[in-house]
Each structure stands twice: as structure tokens, then as C-alpha cells.
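# Analysis of the macromolecular model
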Amino acid sequence: MKTANKFQMEYMQAKALVMVINALCDEKEQEYISSRKIVNRDGSTPSHIRAWDSDSAFEKADEEFSSLYAELVKKKAIAQNDFQKAEGCLIAYGLSIAPPEVYEELKAEVKKNREVRQMILSFAFHVDASTVPPKPPCKTATVKERVRLV
């Protein structure tokens, strides 16, 4: 049985929270679009406010939506920030268990190469934590702090 460590758990929790809040935002945005009968010039309904083909109307609607759902928009930003921190810690963990001969190269590449970053992230997430001790001194939001966002 695979064992998850602190960094893997925090990453999973932060990612799940972002997904829940994003789904809630999408739902509220669809309700907003529907209740205001927003349509594009061709008669289609935009999938999101940002997909509306009228720039001036988009800006007004985006501002109105953001003020109506200010608390939700704020929670979304906090959750995304927490997720980025958790992702950074998981990447740091992945780098910390990389072989010493490739550590410096990976550390440099992870900052500039998205594919390498994703590879390290995937590796660090899927590794059995019981076989490798956690090393990086990262501080991310606790579960209790994340739950207050929902």
C-alpha cells in the first residue's frame, strides 16, 4: 500500500479545494449569465463571462459578478495561492530526493521548463513516501485553514 507524506497530502487537499471552488464559481457564473440572458452577437450563450464577445459588456459584467460574489472570488484567490504553495513544496520534495548528480540541473530546469516541472511534480506525487523521508522545510496551509475557504 502506498503511503503519502505531508507534501503529497497537502498538494491533494489544496488541489481538491481549488477544484471545488472553481466548480462553485463556474456554477455561479452560469447562473449569472442565464439570469441576465447574456448572449453573443451570433445568439450563442457564452460559456463564461470572459467568453462574451463584447469587450465593454464583458468588463461591466465581470465587475458586477466580482462584486456580487466578492467573498467567493476572494476564497478562490486564496485557494489558488495555497495550491501554488503546496505545489512548490511538492516540487521541492521531488527535487530533494533526486539523485545528487542531476539535482542542480533539475533545480535549474524546473524554474524555466514546464515539462520538467510537471515531470518532477508527477514523480513527487506518485512516489511511495514510506520509501523516502520528507526533507524540504516548506510551510503550507493546514487542512483546518483550507476548510474555512469552502
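Note that this is a predicted model, so its numbers are computed, not measured. (Residues numbered from 1 in each chain as written. Predicted model: local features only at pLDDT ≥ 70, side-chain atom pairs only at ≥ 80, totals over all residues. Heavy atoms only, no water.)

## Some remarks on the packing of aromatic side chains
Tallied over the full model, the rule gives 5 aromatic pairs. For the pair Phe7 and Tyr93, a centre-to-centre distance of 5.8 Å together with 25° between the ring planes defines the contact as stacked. With Phe7 in helix H1 (residues 6-35) and Tyr93 in helix H3 (residues 70-96), the pair connects residues that are 86 residues apart, well separated along the chain. In terms of burial, Phe7 and Tyr93 fall into one category: buried. Each ring, one from Phe65 and one from Tyr69, has its centre 4.9 Å from the other, and the planes form 45°; the classification is tilted. The class of Phe65 is buried, set by a relative accessible area of 6%. Overall, the relative accessible area of 22% leaves Tyr69 in the partly exposed class. An aromatic cluster of at least three residues, connected via ring pairs, comprises Tyr11, Phe83 and Phe125. (Phe/Tyr/Trp six-rings, centres within 6.5 Å; stacked < 30°, edge-to-face > 60°. Helix = DSSP H or I, 4+ residues; strand = E, 2+ residues; numbered from the N terminus. Buried < 20%, exposed > 50% of the residue type's maximum accessible area, 1.4 Å probe, protein only.)

## Notes on the environment of Ala61
When you line up the elements, Ala61 lands in helix H2 (residues 55-68). By relative accessible area, Ala61 is classed as buried at 4%. Between the C-alpha atom of Ala61 and that of Ile38, which follows or precedes it by 23 residues, the distance is 9.5 Å. Setting aside residues no more than four positions away along its own chain, Ala61 makes contact with Tyr32, Ile49 and Trp52. (Contact = heavy atoms within 4.5 Å.)

## Considerations on the confidence of the model for the protein chain
Interpreting fine coordinate detail is not advised for predicted regions of low pLDDT. Looking at the protein chain, pLDDT values average 87 and 87% of them are 70 or higher. Within the protein chain, the element-level pLDDT minimum falls on helix H6 (residues 143-147), averaging 52, and the maximum on helix H5 (residues 114-126), averaging 95. (pLDDT = per-residue confidence, 0-100.)

## Thoughts on the packing of H1 against H3
Where H1 meets H3, the closest approach of the two axes is 8 Å, and the angle between their N-to-C directions is 155°. When the axes of H1 and H3 are compared, the pair comes out roughly antiparallel. H3 is crossed by H1, and the crossing has left-handed handedness. The residue inventory of the contact of H1 with H3, partitioned by class, reads 15 nonpolar, 3 polar and 7 charged. (Axes fitted to C-alpha atoms, helices over the stretch in contact; angles between N-to-C directions. Parallel < 35°, antiparallel > 145°, perpendicular 65-115°, else oblique. Left-handed = near helix turned anticlockwise from the far one by under 90°. Nonpolar A, V, L, I, M, F, W, Y, C, P; charged D, E, K, R; others polar.)

## Brief notes about the nonpolar core
Ranked by size, the top nonpolar core spans 27 residues in total, and within it Ile21, Leu90, Ile91, Tyr93, Leu95, Leu106 and Ile120 carry the most contacts. Contributing elements (two or more residues each) for this core: H1, H3, helix H4 (100-112) and H5. Counting residues in each nonpolar core, the second largest holds 7 residues, with Ile33, Ile38, Ile49 and Ala61 among its members. (Core = buried A, V, L, I, M, F, W, Y, C linked by side-chain atoms within 4.5 Å.)

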